[in-house]
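# Fold and geometry: a report
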Amino acid sequence: MMQHLIVLPVVLPLVAGILLLYRRQGAVRAKRLIGVIATSLLVVVGIALVARAAGGEVTYYALGGWQPPFGIVLVLDRLSALMVLLTAVLALGAVVFACAGDDERGSNFHGLFQWQLMGINGAFLTGDLFNLFVFFEVLLLASYALLLHGGGKARIQAGVHYVVLNLAGSSLFLIAVGVLYGATGTLNMADMATRLAELPAERAGLVTAGGLMLLVVFGLKAAILPLYFWLPRAYAAAPAPVAALFAIMTKVGIYAILRVYSLVFGDHAGPLADIEQAWVWWLSLGTLVAAGVGVLAARDLRLLVAYLVLVSVGTLLAGIGMGSPAAVSALLYYLVHTTLITGGLFLLAELIGVQRGKAGTRLVKGRPVHQGGLLAGLFFLGAVAVAGLPPLSGAIGKALLMASAEGGQRAWLWPILLATGLCALIALSRAGSTLFWRSQGEPMGQPLPRRQWFGVAWLLGASPLLVVLAGPVSDYTRATAEQLANPAVVVNALLNDAGDTP
């Protein structure tokens, strides 16, 4: 069984999705049970994968017994294991929240939810560029339907923009893959890394073009400036459990940049080494500035949280732009923090909006909410965490990232990152006072279902837990960054060692 562990994050949601879509009508309780059990098993599998990868060994699963570089492989290292576990933890909070009634507002929610998990996990585990494209398409197709779950004018408008832009990105992705295959003769990332070290000079231009086209594609997925305009409205319009799961979607783009440009375009690539770094550094700072302005301008709680996702994107990409193992270690700690906290804030925004009636999540005066004390406490916890204030995990992540900046990087990163944090603090303070202090009249709303409380607490509770476990988590992210800085480990495991086969 252990030899098949690597493929379970793909097969488990695939099978669960088929079971859930087999009977499209009725059996709501059975669908919820299958969805929650499948997602809970993914958490268990994620923990097992992290434990397996923690020793530093890189292993792979050769589908159909075809060995790399010719066959399709799923690769397990510290980074892919971390991302699979993070996705499962986020998804469990979202799916339990949805079981309180959001899943009944449209059809096929749980099946599509599982298939999106399959696409996300596949993207984290795949070892070749073409199957990275395939898994991108799987997760995007599921996300198109989930974004429109429940219908409504705002969701359809946001969905059209989201679909059109991502179709354009998919086309560019396929072109980039074709260019790189034509120039190198392979799509396996480890094999491509070895071939770039011996690449004829006349093909360097083609590979550079293909590599930069991939950066555009991954930048679109990550929502980097100027490719982020689709994100705020799409995330704000999505159903709360879907928006929470979408918190990991931008991280798929971040992961792809980390994986491809550390493995394929690392130091071994000669003149093609680190072709993305200068672009990512300056665009990340621009993304932070634009996101800070968006946070201040937001007049809806959902939109505010969506812009906070953009703040996290700029922060993470700045770590990639700095390029050092210390910066990568810091961004990985911050990535875990921001994914879970922003996911929790999307769920919390839904609870607040339901309790405020017609006012919804708009930042305007309204009646006091039922269970306002609990909601205000959770909002305060989430606001402190996402703004990066001590003593929660956001402050640790930002401190680690700022400490990793070197020389002239500090002159740019420190003031922009701190100013953006101040913008977030101002916007969240204004939102909190409007939602909970400036209310008038009698309280409205009904007691909220326990499942929804669980989903919010599960995700927001990650912040104090990350503080308690800051030492072990930082040790793991540090080892992950060192492994990424040494792509020869992956190359040797896939091309020179026996590996794990089914």
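All residue numbers refer to position in the chain's written sequence, counted from 1. This being a predicted model, a pLDDT of at least 70 is required before a residue's local features are given, and a value of 80 or more before pairs of side-chain atoms are given or counted; all residues contribute to the totals for chains, interfaces and linings. Hydrogens and water molecules were not included; the side-chain quantities draw on all heavy atoms of the structure.

### Section: the overall build of the chain
Threshold: In this description a helix means any DSSP run of H or I spanning at least four residues, a strand means any run of E spanning at least two, and both kinds are numbered starting from the N terminus. Both definitions apply: the radius of gyration is a C-alpha atom measure, and the globule rule equals 2.2 Å times residues to the power 0.38. Any residue under 20% of the maximum accessible area for its type is buried, any over 50% is exposed, and the rest in between are partly exposed; the area is computed with a 1.4 Å probe on protein chains only.
Across its full length, the chain holds 21 helices and two strands. In terms of C-alpha radius of gyration, the chain reaches 22 Å, essentially the compact-globule figure of 23 Å for 502 residues. Considered along the principal axes of its C-alpha atoms, the chain spans approximately 75 × 55 × 40 Å. In the chain, which comprises 502 residues, the proportion classed as buried is 61%.

### Structural notes on the pattern of salt bridges
Oppositely charged side chains are able to pair whenever their charged atoms sit close together. The cut-off we apply is this: Just to be clear on terms, a salt bridge is a Lys or Arg side-chain nitrogen sitting within 4 Å of an Asp or Glu carboxyl oxygen.
A full pass over the atoms with the stated rule returns eight salt bridges. Arginine 32 is the partner of glutamate 104 in a salt bridge, and the nearest nitrogen-oxygen pair spans 2.9 Å. Pair noted here: glutamate 104 is in the loop between helix H3 (78-98) and helix H4 (109-125) and arginine 32 is in helix H2 (residues 28-53), with a separation of 72 residues, a long-range link. Of the residues examined, arginine 32 reaches a relative accessible area of 14% and is grouped as buried. Salt-bridge contacts for arginine 302 lead to glutamate 350; the nearest nitrogen and oxygen are separated by 2.4 Å. Here arginine 302, found in helix H13 (residues 301-322), pairs with glutamate 350, found in helix H14 (residues 325-355); they are 48 residues apart in sequence, far enough to count as distant. Through salt bridges that share partners, Asp102, Arg105, Arg302 and Glu350 make up one connected network.

### Comments concerning the pairing of strand E1 (residues 59-62)
Heads up, the rule is: Criterion used throughout: strands pair if DSSP finds at least two bridges between them.
Neither face of E1 is exposed, since Thr59 and Tyr61 on one face and Tyr60 and Ala62 on the opposite face are all buried. Of the pairings in the sheet, the one linking E1 to strand E2 (residues 73-76) comprises four bridges and is antiparallel in character. Following the sheet pairing, alanine 62 is matched in E2 by valine 73.

### A short note on the layout of surface pockets
To find leftover empty space, a probe the size of one water molecule is rolled over the atoms. The condition is simple: Points on a 1 Å grid over protein atoms alone make up a cavity when a 1.4 Å probe fits among them but cannot get out, and a pocket when they form an open set with protein on both sides within 12 Å along at least five of seven lines; lining residues each have an atom within 4 Å of a point. Grid points are joined across faces, edges and corners, and a volume is the space filled by probe spheres set on the points. Gly falls in the polar group here, along with every residue not listed as nonpolar (Ala, Val, Leu, Ile, Met, Phe, Trp, Tyr, Cys, Pro) or charged (Asp, Glu, Lys, Arg).
If you add up the space inside the largest pocket, you get close to 520 Å³. Forming the boundary of the largest pocket are 17 residues, of which Leu85, Val336, Leu466, Leu469 and Val473 lie nearest the centre. Among the elements of the structure, H3, H14, helix H19 (462-468) and helix H20 (470-484) are those that each provide at least two residues to the lining of the largest pocket. Broken down by class, the residue content of the lining of the largest pocket amounts to 15 nonpolar, two polar and no charged.

### Quick notes on unusual backbone geometry
A negative phi holds for most residues other than glycine; trans holds for most peptide bonds. Put simply, proline 68 and proline 69 share a cis peptide bond, and its omega is 10 degrees. Relative to the helices and strands, proline 69 resides in the loop between E1 and E2. With an omega of 0 degrees, the peptide bond between leucine 225 and proline 226 qualifies as cis. With respect to the element layout, proline 226 can be found in the loop between helix H8 (204-222) and helix H9 (231-237). One non-glycine residue, asparagine 108, adopts positive backbone phi at about 65 degrees. The residue asparagine 108 is located in the loop between H3 and H4 in this model.

### Remarks on a nonpolar patch on the surface
Note the cut-off: For patch building, the residue pool is restricted to those with more than 30% relative accessible area and no salt bridge; the joining distance is 9 Å between like charges and 5 Å between nonpolar side chains (Val, Leu, Ile, Met, Phe, Trp, Tyr). Residue exposure ignores everything except the shown protein chains as possible cover, and the areas themselves are Shrake-Rupley values with a 1.4 Å probe.
Side chains of Val11, Leu14, Val15, Ile18, Leu19 and Ile34 sit close together on the surface and give an oily, nonpolar patch of about 450 Å² of accessible area. Tallying contributions element by element places helix H1 (residues 8-22) first for the nonpolar patch, with five residues. Position of isoleucine 34 among the secondary structure elements: in helix H2. Judged by its relative accessible area of 31%, isoleucine 34 falls in the partly exposed class.

### As for the nonpolar core
Worth spelling out the cut-off: Side-chain atoms within 4.5 Å are what join buried Ala, Val, Leu, Ile, Met, Phe, Trp, Tyr and Cys residues into a set we call a nonpolar core. Between two residues, a contact is recorded if the distance between any of their heavy atoms is within 4.5 Å.
One finds Phe218, Tyr235, Val260 and Phe265 to be the most contacted residues of the largest nonpolar core, which totals 189 residues. If we ignore the near neighbours within four places in the chain, the residues touching tyrosine 235 are Trp230, Ala243, Phe246, Ala247, Met249, Thr250, Ala306, Val309 and Phe346.

### Topic: H20
Condition: Expected span of a helix, by definition, is 1.5 Å for each gap between consecutive residues, and there is one gap fewer than residues.
An ideal rise of 1.5 Å per residue puts 21 Å on 15 residues; H20 measures up with 21 Å between its terminal C-alpha atoms. Those residues of H20 that sit buried are Ala470, Val473, Ser474, Tyr476, Thr477, Ala479, Thr480, Ala481, Gln483 and Leu484. For H20, the secondary structure elements touched by its buried residues are H2, H3, helix H11 (249-263), H14, helix H16 (393-404) and H19.

### Focus: the environment of isoleucine 320
Among the secondary structure elements, isoleucine 320 is positioned in helix H13. Classification of isoleucine 320 by relative accessible area gives buried; the value is 6%. When the C-alpha positions of isoleucine 320 and valine 280 are compared, they lie 7.1 Å apart, and in sequence the two are 40 residues distant. Setting aside its immediate chain neighbours within four residues, isoleucine 320 contacts Ile254, Ile257, Leu258, Gln277, Val280 and Leu331.

### Things to note about the confidence of the model for the chain
Keep this limit in mind: Residue-level confidence of the predictor is summarised by pLDDT, bounded by 0 at the bottom and 100 at the top.
Per-residue confidence for the chain averages 91 on the pLDDT scale, and 96% of its residues sit at or above 70. Within the chain, the lowest mean pLDDT, 89, falls on helix H21 (residues 488-495), and the highest, 97, falls on H3. Within the model, the stretch residues 498-502 combines pLDDT values under 50 with 19 contacts to residues more than four positions away or in other chains.

### Observations regarding the packing of H3 against helix H18 (residues 450-460)
Worth spelling out the cut-off: Axis lines are fitted through C-alpha atoms, for helices just across the contact stretch, and the angle between N-to-C directions can take any value from 0 to 180 degrees. Comment on the angle field: the value is read as roughly parallel under 35 degrees, roughly antiparallel over 145, roughly perpendicular from 65 to 115, and oblique elsewhere. Left-handed describes a crossing whose near helix is turned anticlockwise from the far helix through less than a right angle; right-handed describes the clockwise counterpart.
Running from N to C, H3 and H18 cross one another at 160 degrees; their axes reach a closest spacing of 7 Å. Classed by the angle they form, the pair H3 and H18 counts as roughly antiparallel. The handedness of the crossing between H3 and H18 is left-handed. Contact residues: Val89, Leu90, Leu92, Gly93, Val96 and Phe97 in H3; Arg451, Gln452, Phe454, Gly455, Val456, Trp458 and Leu459 in H18.

### Focus on the packing of aromatic side chains
Here is the rule: Side-chain rings of Phe, Tyr and Trp (the six-membered ring for Trp) are treated as a pair once their centres are within 6.5 Å; stacked means planes under 30 degrees apart, edge-to-face means over 60, and tilted covers the remaining angles.
What the rule picks out here adds up to 19 aromatic pairs. Both rings, one in tyrosine 228 and one in phenylalanine 229, keep their centres 4.4 Å apart while their planes meet at 25 degrees; by these two values the pair is stacked. Measuring from ring centre to ring centre gives 5.8 Å for phenylalanine 379 and phenylalanine 436, while their planes differ by 55 degrees; the resulting arrangement is tilted. Within this pair, whereas phenylalanine 379 is found in helix H15 (residues 372-387), its partner phenylalanine 436 is found in helix H17 (residues 408-437), the two being separated by 57 residues in sequence.

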